[in-house]
Amino acid sequence: MNEHERDNNYESENSGILNIPAVKSEKSKGDIWLKIISVLIAVSIWFWVVGFESQVTQKKFTSIPVNIINASDMLANYGYSVLSNKEIYIDVTLEGKNSDLNRVKSNDIYAYVDLKKVTQTGDIALPIEIQDINYVHVADQSQSTWVLPIDQQTTKNVPVQGTIVQMAKESGVDIAPLSFNPATISVSGPAGVVNTIDHAQVNVALGADQPINSSRYVTQEFVLIDSNGNEVHNSYVKTSEISVEVYVSVSITKEVPLVVNYKYGYYNSTNTNIIINPAAILIKGSPDYLNTVNEISLGTIDEKKYENDTSVKMNIPMPDGVTNLSGITTADVEINFTDMSTRLMSITSSQFKVVPPKDFEYHIKEDSIQVKLLGPLENLNHVTSGGITVNVDLSNVTEKGTHSVPVDVVVTSDTSVFCVGEYAVNVEIY
């Protein structure tokens, strides 16, 4: 049996099991017409889009800023500047295919005025040019020229002035006039603008919460002010600084007593009456410093210099940063002794207390010295030479020969009696 016969037998055997009629494939005529209509619509849309996108038309862009270029070249070549920094905007109409115009944004349009060819001052009319844009061109612009005032470049120095615009302070606190570093500002730019500038104004804000109680430095920006009090705004005006250092001097006034110090501490309320004229002065200074100042010392009085009532003129020293408002620079210190007398007494050299020199021998040439004592009469009468010490210090003598050496005389037996005057002895060093 051949293959063809086997296939026929197979179909005969199975035809009883599945009796399925044969179906002939046939496309619907309605489906064919639907596809034809869809193709025609698509082709129509394609032709419409191609025609619209390729159509040459115009599009208007508004408020395009006009830039000024090559101002630095004009300044370098001729020393000219633009007097005004007024901004200008124009409307620009572009022409081209819709597809190209739709890709253009406002910031793609660059309008400018070129100062490179300016050779003179005055009101110069210059063309407003627009940089080329791919595939489109400028069909129209609302303004084709811009008249710019061109002026000679100049420089001058203007003073710095300042005002405190915000500050909290306690009662009695004074603010001195502000000081500035630098005190002047160099301003350069168009002469027509620069010549109107009167000063650089600094407005200092110190805060409203914490009261100011000490002087301070603050760094502050400034603005330029013209002779009419108006702020100067011009981008072509340049300054040597952008800020200044402002010194805010804060002070209070205070009355403080004048006092004197004593070298040896011999004076007290029982033996002397010290009167200082004036007794006090009015001073001015920083609050944080003056709050610690309770008196001003005129200096030190050497009690050994005076044996009678006397008046000593002494300078009134002022600490740094403190001002004397009293108008007086000296004070008179009156020294008045109370029931004090003097007595001369001789002290022999054998009683001297000597600090010897290094590497040398010595010989005191005086056998004795006579000293003057000051004190209450009754106490003076009870003082003996044994209650007096004469100190001779030779430790600093470094050369041989005869030297006059000062001595220090101290009464050790009675604190109400002390020695007055200056004394020395001759000493031979060998």
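Residues numbered from 1 in each chain as written. Predicted model: local features only at pLDDT ≥ 70, side-chain atom pairs only at ≥ 80, totals over all residues. Heavy atoms only, no water.

It is worth spelling out the pattern of salt bridges at this point. Applying the stated criterion across every chain yields a total of five salt bridges. A salt bridge links Lys304 to Asp408, with the nearest nitrogen and oxygen atoms 2.7 Å apart. Of this pair, Lys304 sits in the loop between strand S20 (296-301) and strand S21 (310-315) while Asp408 is found in strand S29 (residues 401-411), placing the two residues 104 residues apart along the sequence. Residue class for Lys304 comes out buried when judged on its relative accessible area of 9%. Note that Lys313 is salt-bridged to Asp332, the shortest N-O span being 2.9 Å. Pair noted here: Lys313 is in strand S21 and Asp332 is in strand S23 (residues 330-337), with a separation of 19 residues, a long-range link. (Salt bridge = Lys/Arg side-chain N within 4 Å of Asp/Glu carboxyl O. Helix = DSSP H or I, 4+ residues; strand = E, 2+ residues; numbered from the N terminus. Buried < 20%, exposed > 50% of the residue type's maximum accessible area, 1.4 Å probe, protein only.)

Along the polypeptide, Thr272 turns up in strand S18 (residues 272-277). Among the polar contacts made by the side chain of Thr272, one reaches the main-chain carbonyl oxygen of Asn268 at a distance of 3.1 Å. Other than its neighbours up to four places away in sequence, Thr272 contacts Tyr267, Asn336, Phe337 and Thr338. (Polar contact = N/O pair within 3.5 Å; in protein donor to acceptor, adjacent residues only side chain to side chain. Contact = heavy atoms within 4.5 Å.)

The next thing to look at is the sheet that holds strand S3 (residues 89-97). Taken in spatial order, the five strands line up as S6-S4-S1-S3-S7 in an open sheet, and their pairing is mixed. Single-partner strands in this sheet number two, and they are strand S6 (129-130) and strand S7 (137-141). As paired strands, strand S1 (residues 56-69) and S3 are joined by eight bridges and run antiparallel to one another. Pairing of Lys59 across the sheet is with Leu94, part of S3. (Pairing = 2+ DSSP bridges.)

In this model, the protein carries a mean pLDDT of 88, and residues with pLDDT of at least 70 account for 90%. Per-residue pLDDT, averaged within each element of the protein, yields its smallest value for helix H1 (residues 3-14) (46) and its largest for S23 (97). This model gives residues 1-25 a pLDDT under 50, and the stretch forms two contacts once residues within four places in sequence are excluded. (pLDDT = per-residue confidence, 0-100.)

We now examine the sheet that holds strand S28 (residues 388-393). The five strands are arranged S25-S28-S29-S31-S26 in an open sheet whose pairing can be described as mixed. The two strands at the open ends of the sheet, each matched to only one other strand, are strand S25 (352-355) and strand S26 (362-364). Across this sheet, the average inter-strand angle for adjacent strands is 35 degrees, counted without regard to direction. The pairing of S29 with strand S31 (residues 423-429) spans seven bridges and is antiparallel. (Axes fitted to C-alpha atoms, helices over the stretch in contact; angles between N-to-C directions.)

To continue, consider the packing of aromatic side chains. Per the counting criterion, the structure on display carries eight aromatic pairs. Ring centres 5.4 Å apart and planes at 65 degrees place the aromatic pair Tyr262 and Tyr267 in the edge-to-face group. For Tyr262, a relative accessible area of 28% corresponds to the partly exposed category. A residue is classified by how much of its surface remains accessible, and Tyr267, at 8% relative accessible area, is buried. Aromatic pair Tyr267 and Phe337: ring centres 5.8 Å apart, planes at 80 degrees, arrangement edge-to-face. Of this pair, Tyr267 sits in the loop between strand S17 (250-262) and S18 while Phe337 sits in strand S23, and the two are 70 residues apart along the sequence. (Phe/Tyr/Trp six-rings, centres within 6.5 Å; stacked < 30°, edge-to-face > 60°.)

Note the cis peptide between Asn181 and Pro182, where omega equals 0 degrees. Following the sequence through the fold, Pro182 ends up in the loop between strand S10 (179-181) and strand S11 (184-190). The peptide bond linking Asn277 to Pro278 adopts the cis configuration, its omega dihedral lying at 5 degrees. Examined against the element boundaries, Pro278 turns out to sit in the loop between S18 and strand S19 (280-285). At Asn70, a residue that is not glycine, the phi angle is positive and equals roughly 65 degrees. Secondary-structure assignment places Asn70 in the loop between S1 and helix H3 (71-78).

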